[in-house]
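This is what each chain is made of:
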Amino acid sequence: MILDLVAYGAFFLTMALTYAIMCLGLNVQWGQTGLFNVGIAGFVAIGAYASALLTTPETAGRIGGFGLPIAAGWCGGALVAGIVAYLIGALTIRLRADYLAIATFGVAVAVQLCVLNLETLTGGAFGIGFIPRPFAELASNPLAFGLSNAGLLIAVIAVLYLALEHLVRSPWGRVLRAIREDEAAAQALGKNPTRFRLQAFTIGGAIMGLAGAAQAHFIGFIAPDNYMPILTFQVWAMLIVGGSGNNRGAILGAVLVWGIWASSAAAVSTFFPPEQQARAASLQIVMIGVGLCLILLLRPRGILGEVRNVSRHIRKIVKSDDAELASRSLSKD
């Protein structure tokens, strides 16, 4: 019984961490730069399908199936999603707020329709199966399989977190925040807002593509229904709950919201008869909405709010100034 619970916990954590990667990508775009991307599902789908086409075995009647290693598929999924994000950003990045949201939502819908209708490439409504899974040789042992996948995702999250934290605290990250807070002031200092926004949009899209690839290989099957607009809603809720602008908040929010989503699904299957479960599934969205409202009321900046001080040099200056002021006040006394 205990081993079964641990195996399920590993499965739960692995799924939550794939969403955490998506949240980290959105945090680069929205939390750091203020880009209102409502096309998350599209970039995740691009990464998932690109990785699947690169790593699955050859299939009659379908383009792709190159049988490459899983690592090559993950890198390929992130690269393709990043290239698409760059091309889309080059056309739309000058749009502001709601206009950018409409444009990116249209892109996500277009991607979903493409994967649904390009049957020779994506398998259409039937999707793509036989996607190689990491540690597939351990599949007969659910505990070892789950722990191995969870460990792999933890390692990916750790590397990604450290890299993004370095970027946030670098001059590049500070320019992004400056553009987000006051574009005119940043431009007056010689910074090109369009170029920096495009870079952030591309990096965020590539990270979302990596998340799609990781999730596809963990599940082993993908279909167009996996990338509906509800996915975008989930990721936005995760980031807002955890704390926009905070990478640790993005990870925490993903785990918490996915926990609410999974537990509400279990509650629906337990307390509702089978013929009513399809209608009762909408309660999941209600629970996420209620939780989101409570978080915004109690913690308007999320559970882990944005850290305003991102430079250790500024912190040293502030501390030295405080110490100097304190010494002056003591000398006057």
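Attention here is on the structure that accompanies the text.

Thresholds, definitions, all that
- Residues numbered from 1 in each chain as written.
- Predicted model: local features only at pLDDT ≥ 70, side-chain atom pairs only at ≥ 80, totals over all residues.
- Heavy atoms only, no water.
- Helix = DSSP H or I, 4+ residues; strand = E, 2+ residues; numbered from the N terminus.
- Rg over C-alpha atoms; globule rule 2.2 N^0.38 Å.
- Buried < 20%, exposed > 50% of the residue type's maximum accessible area, 1.4 Å probe, protein only.
- Lys, Arg positive; Asp, Glu negative; His and termini not counted.
- Charge placed at Lys NZ, Arg CZ, Asp CG, Glu CD.
- Expected span 1.5 Å × (residues − 1).
- Contact = heavy atoms within 4.5 Å.
- Axes fitted to C-alpha atoms, helices over the stretch in contact; angles between N-to-C directions.
- Parallel < 35°, antiparallel > 145°, perpendicular 65-115°, else oblique.
- Nonpolar A, V, L, I, M, F, W, Y, C, P; charged D, E, K, R; others polar.
- Phe/Tyr/Trp six-rings, centres within 6.5 Å; stacked < 30°, edge-to-face > 60°.
- Core = buried A, V, L, I, M, F, W, Y, C linked by side-chain atoms within 4.5 Å.
- Patch = residues over 30% accessible without salt bridge, like charges linked within 9 Å, V, L, I, M, F, W, Y side chains within 5 Å.
- Areas by Shrake-Rupley, 256 points an atom, 1.4 Å probe, with all protein chains shown as cover.
- Salt bridge = Lys/Arg side-chain N within 4 Å of Asp/Glu carboxyl O.
- Polar contact = N/O pair within 3.5 Å; in protein donor to acceptor, adjacent residues only side chain to side chain.

With respect to the overall build of the protein
Right, so step 1: Scanning the protein for helices and strands turns up 14 helices and zero strands.
Right, so step 2: Secondary structure elements in the protein, listed N-terminal to C-terminal, are α-α-α-α-α-α-α-α-α-α-α-α-α-α.
Right, so step 3: The globule rule puts the C-alpha radius of gyration for 333 residues at 20 Å, and the 22 Å found for the protein is close to it.
Right, so step 4: Along the longest, intermediate and shortest principal axes, the C-alpha atoms of the protein span 80 × 50 × 40 Å.
Right, so step 5: Each of the 333 residues in the protein was classed as buried or not, and the buried ones make up 46%.
Right, so step 6: If you average the places of the 22 positive and of the 16 negative side-chain charges in the protein, the two averages end up 8 Å apart.

Description of unusual backbone geometry
Right, so step 1: A positive phi is found at Phe 130, a non-glycine position, where the angle reads about 60 degrees.
Right, so step 2: Even without being glycine, Phe 135 reaches a positive phi, approximately 60 degrees.

Considerations on helix 10 (residues 229-242)
Right, so step 1: Between the first and last C-alpha of helix 10 there are 20 Å, a value that for 14 residues agrees with the 20 Å anticipated at 1.5 Å per step.
Right, so step 2: Within helix 10, 10 of the 14 residues are buried, which leaves it mostly tucked inside the rest of the structure.
Right, so step 3: Taken residue by residue, helix 10 has Leu 231, Thr 232, Gln 234, Val 235, Trp 236, Ala 237, Met 238, Leu 239, Val 241 and Gly 242 as its buried positions.
Right, so step 4: Considering only its buried residues, helix 10 is in contact with helix 1 (2-31), helix 2 (40-55), helix 11 (247-271) and helix 13 (282-298).

Considerations on the packing of helix 1 against helix 10
Right, so step 1: Viewed as axis vectors pointing N to C, helix 1 and helix 10 meet at an angle of 75 degrees, and their least axial separation amounts to 9 Å. With respect to helix 10, the element helix 1 is oriented roughly perpendicular. Where helix 1 approaches helix 10, its residues Tyr 19, Met 22, Cys 23, Leu 26, Asn 27 and Trp 30 are matched on the opposing element by Leu 231, Gln 234, Val 235, Trp 236, Met 238 and Leu 239.
Right, so step 2: In terms of residue class, the contact of helix 1 with helix 10 is built from 10 nonpolar, two polar and no charged.

Some thoughts on the packing of aromatic side chains
Right, so step 1: This model, assessed by the stated rule, comprises eight aromatic pairs.
Right, so step 2: With centroids separated by 5.2 Å and ring planes inclined at 85 degrees, the aromatic side chains of Phe 36 and Trp 236 adopt a geometry described as edge-to-face. Of this pair, Phe 36 sits in the loop between helix 1 and helix 2 while Trp 236 sits in helix 10; the two residues are 200 residues apart in sequence, bridging distant segments of the chain.
Right, so step 3: Residue class for Phe 36 comes out partly exposed when judged on its relative accessible area of 29%.
Right, so step 4: In textbook terms, an aromatic cluster arises when at least three aromatic residues are bridged by ring pairs, as seen for Tyr 8, Phe 11 and Phe 218.

Looking at the nonpolar core
Right, so step 1: By size, the foremost hydrophobic cluster in this structure holds 76 residues, and its most contacted members are Tyr 19, Ile 21, Ile 222, Tyr 227, Leu 231, Val 235 and Trp 258.
Right, so step 2: No other element matches the 12 residues that helix 1 contributes to this core.
Right, so step 3: Excluding anything up to four places from it in sequence, Ile 21 contacts Leu 153, Val 156, Ile 157, Leu 160, Ile 207 and Ala 211.

A look at helix 7 (residues 171-181)
Every α-helix winds through 3.6 residues per turn, so residues three or four apart in the chain are directed the same way.
Right, so step 1: When helix 7 is considered as a whole, its buried residues turn out to be Trp 172, Gly 173, Val 175, Leu 176, Arg 177 and Ile 179.
Right, so step 2: Contact partners of the buried residues in helix 7: helix 6 (142-168), helix 8 (183-188) and helix 9 (193-219).

A closer look at a nonpolar patch on the surface
Right, so step 1: Taken together, the side chains of Leu 283, Val 286, Val 290, Leu 294, Leu 297 and Leu 298 define a hydrophobic patch exposed on the protein surface, amounting to about 610 Å² of accessible area.
Right, so step 2: Here Leu 297 is to be found in helix 13.
Right, so step 3: Classification of Leu 297 as exposed rests on a relative accessible area of 69%.

Quick look at the pattern of salt bridges
Right, so step 1: Per the counting criterion, the structure on display carries five salt bridges.
Right, so step 2: A salt bridge links Arg 177 to Glu 306, with the shortest nitrogen-to-oxygen separation between them at 2.9 Å. Of this pair, Arg 177 sits in helix 7 while Glu 306 sits in the loop between helix 13 and helix 14 (312-332); the two residues are 129 residues apart in sequence, bridging distant segments of the chain.
Right, so step 3: Glu 306 gets classed as buried once you look at its relative accessible area, which sits at 10%.
Right, so step 4: Between Glu 306 and Arg 180 there is a salt bridge, and its shortest N-O distance comes to 2.9 Å. Of the two residues, Glu 306 sits in the loop between helix 13 and helix 14 while Arg 180 sits in helix 7, which places them 126 residues apart along the sequence.

Re the side chain of Asn 37
Right, so step 1: Along the chain, Asn 37 turns up in the loop between helix 1 and helix 2.
Right, so step 2: We classify Asn 37 as buried; its relative accessible area is 0%.
Right, so step 3: Of the polar contacts made by the side chain of Asn 37, one reaches the side chain of Gln 29; its length is 2.8 Å.
Right, so step 4: Those residues in contact with Asn 37 that lie beyond four places of it in its chain are Leu 26, Gln 29, Phe 43, Thr 104, Phe 201, Met 208 and Trp 236.

A closer look at the environment of Leu 176
Right, so step 1: Along the chain, Leu 176 falls in helix 7.
Right, so step 2: Look at Leu 176 and you get buried, because its relative accessible area is 1%.
Right, so step 3: Residues Leu 176 and Leu 210, 34 residues apart in the sequence, show an inter-C-alpha distance of 22 Å.

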